[in-house]
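Residue strings, one per chain:
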Amino acid sequence: GISEDEVKAEIIEMEKEGLIRGYKAVIDWERLDSAMVSAIIELKVDSSPEIALGQIEEKGYAKPFASDSRKLFSIGINFASRTRRIESWKIIERI
């Protein structure tokens, strides 16, 4: 077998070469009680998750959820155009 670090290095190389072009989330909606959670997601390119979260606040995107009983999360994501990958993200549970 090979070490975990060797596997990580191989995956990074495959991403650089374009053999791995991205990832996706596959959600089992039957197992997830989607009525319990909502999320506000802001994606920025070549910026920061903090800037994305700031826009969620500045624009008042959460206001329509004010009387909603579900858990609400704000998610700020930064996409790096140079690497064509999600570089960083930050999740905040809103109270």
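What counts, and at which threshold
- Residues numbered from 1 in each chain as written.
- Predicted model: local features only at pLDDT ≥ 70, side-chain atom pairs only at ≥ 80, totals over all residues.
- Heavy atoms only, no water.
- Core = buried A, V, L, I, M, F, W, Y, C linked by side-chain atoms within 4.5 Å.
- Buried < 20%, exposed > 50% of the residue type's maximum accessible area, 1.4 Å probe, protein only.
- Contact = heavy atoms within 4.5 Å.
- Salt bridge = Lys/Arg side-chain N within 4 Å of Asp/Glu carboxyl O.
- Helix = DSSP H or I, 4+ residues; strand = E, 2+ residues; numbered from the N terminus.
- Expected span 1.5 Å × (residues − 1).
- 1 Å grid on protein atoms, 1.4 Å probe; cavity = no way out; pocket = protein on both sides within 12 Å on 5 of 7 lines; lining within 4 Å.
- Points joined across faces, edges and corners; volume = space filled by probe spheres on them.
- Nonpolar A, V, L, I, M, F, W, Y, C, P; charged D, E, K, R; others polar.
- Pairing = 2+ DSSP bridges.
- Right-handed = clockwise from strand over helix to strand, strands pointing away.
- Patch = residues over 30% accessible without salt bridge, like charges linked within 9 Å, V, L, I, M, F, W, Y side chains within 5 Å.
- Areas by Shrake-Rupley, 256 points an atom, 1.4 Å probe, with all protein chains shown as cover.
- Axes fitted to C-alpha atoms, helices over the stretch in contact; angles between N-to-C directions.

A few words on the nonpolar core. Ranked by size, the top nonpolar core spans 5 residues in total: I40, L53, I56, A62 and L72. Leaving out residues up to four positions away in the same chain, L53 has contacts with S74, I75, G76, K90 and I92.

Now for the pattern of salt bridges. Per the stated rule, a full pass over the model turns up 5 salt bridges. Across the pair K44 and E42 runs a salt bridge whose closest N-O atoms are separated by 3.7 Å. The class for K44 is buried, based on a relative accessible area of 18%. Judged by relative accessible area, E42 falls into the buried class, the value being 14%.

This paragraph deals with helix α1 (residues 4–16). An α-helical turn contains 3.6 residues, so a residue and the one three or four places further along point in the same direction. Taking 1.5 Å of rise per residue, 13 residues should cover 18 Å, and α1 covers 19 Å from first to last C-alpha, within 8% of that figure. Positioned one or two residues after α1, G18 has a phi angle of 85 degrees, which is positive.

Let us look at the layout of surface pockets. The computed volume of the largest pocket comes to approximately 560 Å³. Considering the residues around the largest pocket, the lining is formed by 16 residues, among which G22, Y23, R84, R85 and I86 are closest to the centre. Taken together, the elements giving at least two residues each to the lining of the largest pocket come down to α1 and β3 (85–94). Among the elements that make up the lining of the largest pocket, the one with the highest residue count is α1 (3 residues). Of the residues that constitute the lining of the largest pocket, the class distribution is 6 nonpolar, 3 polar and 7 charged.

Side-chain alternation along strand β1 (residues 37–45) places S38, I40, E42 and K44 on a buried face and V37, A39, I41, L43 and V45 on a face that remains uncovered. Pairing geometry for β1 and strand β2 (residues 71–80), over 9 bridges, is parallel. Its bridge partner being in β2, K44 is matched across the sheet by N78. Viewed along the sheet, the connection from β1 through helix α2 (residues 49–58) into β2 turns out right-handed.

So, about a nonpolar patch on the surface. Residues I2, V7, I11 and Y23 make up a contiguous nonpolar surface patch of roughly 410 Å² in combined accessible area. One can find V7 in helix α1.

It is worth spelling out the sheet that holds β2 at this point. Judged by pairing direction, the sheet is mixed, and its 3 strands sit side by side in the order β1-β2-β3 without closing on themselves. The outermost strands of the open sheet, each flanked by one partner alone, are β1 and β3. Ignoring which end each strand starts from, the neighbouring axes of this sheet average 20 degrees apart. The pairing of β2 with β3 spans 9 bridges and is classified as antiparallel. Paired with N78 across the two strands is S88, which belongs to β3.

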